[in-house]
Amino acid sequence: MTVRFTEAIKIRGVNPYVLVSAARAKAVKAHWRKPLPVLLRINGKPAKPWRINMMPMGDGSFCLYLHGHIRKTAGAKVGNRVHLEIAFDRNYRGGPQQPLPRWFKQALIETPQAMKNWEALIPSRKKEILRYFARLKSPEARARNLNRALRVLSGSKERYMARSWSLNA
């Protein structure tokens, strides 16, 4: 079922969002309490809906955060009232969306501690790393990031991918 409504884009800190009421969220997918995967169109755009997660607020309502590309494509700014079309993403599957590259899998096999920590990572962190790897353009960038990933997954306390890592080695 697609839920259609008009709402103003608000801002929380630096994050533009639309609040989706508990009643509307229930119409999209009843009894869902974790991030809710949805298909989204704003002001009729884009032709093929975006895949995005709505974040639970704890009272049955959800926050739908709208990054810059979404707002630009929809021609919308903070404060604008926008027409939203939201439907549950029936093709959603948990865990990483990107395949595990062979070169990364082989490196994990050759580095047992990194493999152990990789397997213990939460699915969203794995997804973040694999999405990052998929965007690397040069062999040099791939090699550099593979080495850093293996170090942090082996227990090195350092920054990687804009976060501090401290895994139990």
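In the block above lies the structure referred to throughout.
My aim in this report is to walk through the structure given alongside it, one point at a time. (Residues numbered from 1 in each chain as written. Predicted model: local features only at pLDDT ≥ 70, side-chain atom pairs only at ≥ 80, totals over all residues. Heavy atoms only, no water.)

1. As for the nonpolar core
So, point 1. Counting residues in hydrophobic clusters, the biggest one holds 24 residues, and the most contacted among them are Leu40, Leu64, Leu84 and Ile86.
So, point 2. Of all the elements in the fold, those that place two or more residues in this core are strand 1 (2–8), strand 3 (15–20), helix 1 (22–28), strand 4 (36–42), strand 5 (45–56), strand 6 (62–65), helix 2 (68–74) and strand 7 (81–88).
So, point 3. Ignoring any residue separated from it by four or fewer positions in sequence, one finds Leu40 in contact with Pro46, Pro49, Trp50, Ile52, Leu64, Leu66, Leu84, Glu85 and Ile86.
So, point 4. Of all hydrophobic cores here, the second largest spans 17 residues; its members include Ala107, Trp118, Leu121 and Leu146. (Core = buried A, V, L, I, M, F, W, Y, C linked by side-chain atoms within 4.5 Å. Buried < 20%, exposed > 50% of the residue type's maximum accessible area, 1.4 Å probe, protein only. Helix = DSSP H or I, 4+ residues; strand = E, 2+ residues; numbered from the N terminus. Contact = heavy atoms within 4.5 Å.)

2. Concerning the layout of surface pockets
So, point 1. If you add up the space inside the second largest pocket, you get close to 220 Å³.
So, point 2. What lines the second largest pocket is a set of 13 residues, and nearest its centre among them are His31, Trp32, Arg33, Gly60 and Phe62.
So, point 3. Counting residues per element, the lining of the second largest pocket draws most heavily on helix 1, at 3 residues.
So, point 4. Within the lining of the second largest pocket, the residues separate by chemical class into 6 nonpolar, 3 polar and 4 charged. (1 Å grid on protein atoms, 1.4 Å probe; cavity = no way out; pocket = protein on both sides within 12 Å on 5 of 7 lines; lining within 4 Å. Points joined across faces, edges and corners; volume = space filled by probe spheres on them. Nonpolar A, V, L, I, M, F, W, Y, C, P; charged D, E, K, R; others polar.)

3. Focus: the pairing of strand 4
So, point 1. Of all 7 residues in strand 4, 5 are buried, a share of seventy percent or more.
So, point 2. With 6 bridges connecting them, strand 4 and strand 5 associate as antiparallel partners. Bridging across to strand 5, Leu39 finds its partner in Arg51.
So, point 3. Here strand 4 hands over to strand 5 after 2 residues, with Asn43 in that stretch at a positive phi of 55°.
So, point 4. Pairing geometry for strand 4 and strand 7, over 5 bridges, is antiparallel. Residue Arg41 lies in a different strand from strand 7, and its bridge partner there is Glu85. (Pairing = 2+ DSSP bridges.)

4. Re the pattern of salt bridges
So, point 1. Under the criterion given, the structure shown has 6 salt bridges.
So, point 2. A salt bridge links Arg41 to Glu85; the shortest N-O distance between them is 3.5 Å. A residue pair is termed long-range when its members are at least 10 positions apart, and Arg41 in strand 4 and Glu85 in strand 7 qualify at 44 residues.
So, point 3. One salt-bridge network, in which partners are shared between bridges, spans Arg148, Arg151 and Glu158. (Salt bridge = Lys/Arg side-chain N within 4 Å of Asp/Glu carboxyl O.)

5. Overview of the sheet that holds strand 3
So, point 1. Read across the open sheet, the 7 strands follow the order 1-7-4-5-6-3-2; overall the sheet is antiparallel. Edge positions in the open sheet fall to strand 1 and strand 2 (10–12), since each of these has one partner strand only. Looking at each pair of strands side by side, their axes are set apart by 40° on average, direction ignored.
So, point 2. Looking at chain direction, strand 5 and strand 6 are connected through 2 bridges and run antiparallel. (Axes fitted to C-alpha atoms, helices over the stretch in contact; angles between N-to-C directions.)

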